[in-house]
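# Survey of secondary and tertiary structure
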Amino acid sequence: MSPLNETFKALSDKTRRQILKLLRAGDLTAGEIADHFDMTKPSISHHLNMLKQADLISDRRQGQNIYYTLNTSVFEGIMGWFLEFTGKQPEELEFFPDDHDSDETPQKTARARK
């Protein structure tokens with residue numbers, strides 16, 4: 001599958017988009033990410049793996065924890081791909097405010113199920 005197809009496949013899922021929004025604020029461990037969702041940790045792990053395959057996130061080990069980081073260069077590439085269709089430069093585009101996106105960042109703070 002092409003890198004662009006992997007990216008759009010990963011972005012097609014609401015949970016993965018919410019994970020990306022969480023990572024926008026900073027690096028998080030899988031456990032910290034899981035705390036925001038009411039799903040099993042293996043399910044969160046599956047979503048994280050899909051995002052890693054699409055190169056939308058990367059991970060690094062720090063002690064016993066693995067931290068996940070947003071890879072903004074892939075988003076820049078996607079925006080460039082979209083801009084090819086408009087014939088405009090980025091500064092010419094009008095963007096929606098942050099609250100336009102219906103994929104709200106999850107606010108759940110209780111521990112996810114094991």
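Residues numbered from 1 in each chain as written. Predicted model: local features only at pLDDT ≥ 70, side-chain atom pairs only at ≥ 80, totals over all residues. Heavy atoms only, no water.

### Observations concerning the pattern of salt bridges
- Applying the stated criterion across every chain, the model contains two salt bridges.
- One salt bridge connects Asp27 with Arg60, and the closest N-O pair in it is separated by 2.9 Å. With Asp27 in the loop between α2 (14-24) and β1 (28-29) and Arg60 in strand β2 (residues 57-62), the pair connects residues that are 33 residues apart, well separated along the chain.
- Residue class for Arg60 comes out partly exposed when judged on its relative accessible area of 36%.
- Taking the shortest distance from any N to any O, the salt bridge between Asp59 and Lys52 comes out at 3.0 Å.
- On the basis of relative accessibility, which here comes to 35%, the residue Asp59 falls in the partly exposed class.
- Taking relative accessible area as the criterion, Lys52 reaches 30% and is therefore assigned partly exposed. (Salt bridge = Lys/Arg side-chain N within 4 Å of Asp/Glu carboxyl O. Helix = DSSP H or I, 4+ residues; strand = E, 2+ residues; numbered from the N terminus. Buried < 20%, exposed > 50% of the residue type's maximum accessible area, 1.4 Å probe, protein only.)

### Observations regarding the sheet that holds strand β3 (residues 65-70)
- Taken in spatial order, the three strands line up as β1-β3-β2 in an open sheet, and their pairing is antiparallel. The sheet terminates laterally at β1 and β2, the two strands that pair on one side only.
- Sheet topology places β2 next to β3; six bridges connect them, and they run antiparallel. Of the residues in β3, the one forming a bridge with Asp59 is Tyr68.
- Contacts between α2 and the sheet are confined to β1, β2 and β3, with β3 contributing the most and set at about 95° to the helix.
- Against the sheet, helix α4 (residues 41-53) contacts β2 and β3, and its axis sits at roughly 115° relative to β2. (Pairing = 2+ DSSP bridges. Contact = heavy atoms within 4.5 Å. Axes fitted to C-alpha atoms, helices over the stretch in contact; angles between N-to-C directions.)

### Quick look at the nonpolar core
- Membership of the largest hydrophobic core comes to 20 residues, with the highest contact counts inside it found for Ile33 and Leu56.
- Put simply, the parts of the chain that give this core at least two residues each are α1 (3-11), α2, α3 (30-34), α4 and α5 (72-86).
- Per-element tally for this core: the top contributor is α2, with four residues.
- For Ile33, the residues in contact, after removing those within four places along its chain, are Ile19, Leu22, Leu23, Leu28, Ile44, Leu48 and Tyr68. (Core = buried A, V, L, I, M, F, W, Y, C linked by side-chain atoms within 4.5 Å.)

### Considerations on the packing of α2 against α4
- As a packed pair, α2 and α4 sit with axes 10 Å apart at the nearest point and diverge in direction by 75°. In terms of orientation, α2 lies roughly perpendicular with respect to α4. Contacts between α2 and α4 pair Thr15, Arg16, Ile19 and Leu20 from the former with His46, His47, Leu48, Met50 and Leu51 from the latter.
- Its residues assigned to classes, the contact of α2 with α4 comprises five nonpolar, three polar and one charged. (Parallel < 35°, antiparallel > 145°, perpendicular 65-115°, else oblique. Nonpolar A, V, L, I, M, F, W, Y, C, P; charged D, E, K, R; others polar.)

### Focus: the packing of α1 against α5
- Between α1 and α5, the shortest axis-to-axis distance is 11 Å and the interhelical angle comes to 105°. As far as their axial angle goes, α5 and α1 are roughly perpendicular. On α5, the residues touching Leu4, Thr7, Phe8 and Leu11 of α1 are Val74, Phe75, Ile78, Trp81 and Phe82.

### Things to note about a nonpolar patch on the surface
- A grouping of Met79, Phe82 and Phe85 is seen on the molecular surface, where their side chains present a nonpolar patch of about 320 Å² in accessible area.
- Examined against the element boundaries, Phe82 turns out to sit in helix α5.
- By relative accessible area, which is 39% here, Phe82 ends up partly exposed. (Patch = residues over 30% accessible without salt bridge, like charges linked within 9 Å, V, L, I, M, F, W, Y side chains within 5 Å. Areas by Shrake-Rupley, 256 points an atom, 1.4 Å probe, with all protein chains shown as cover.)

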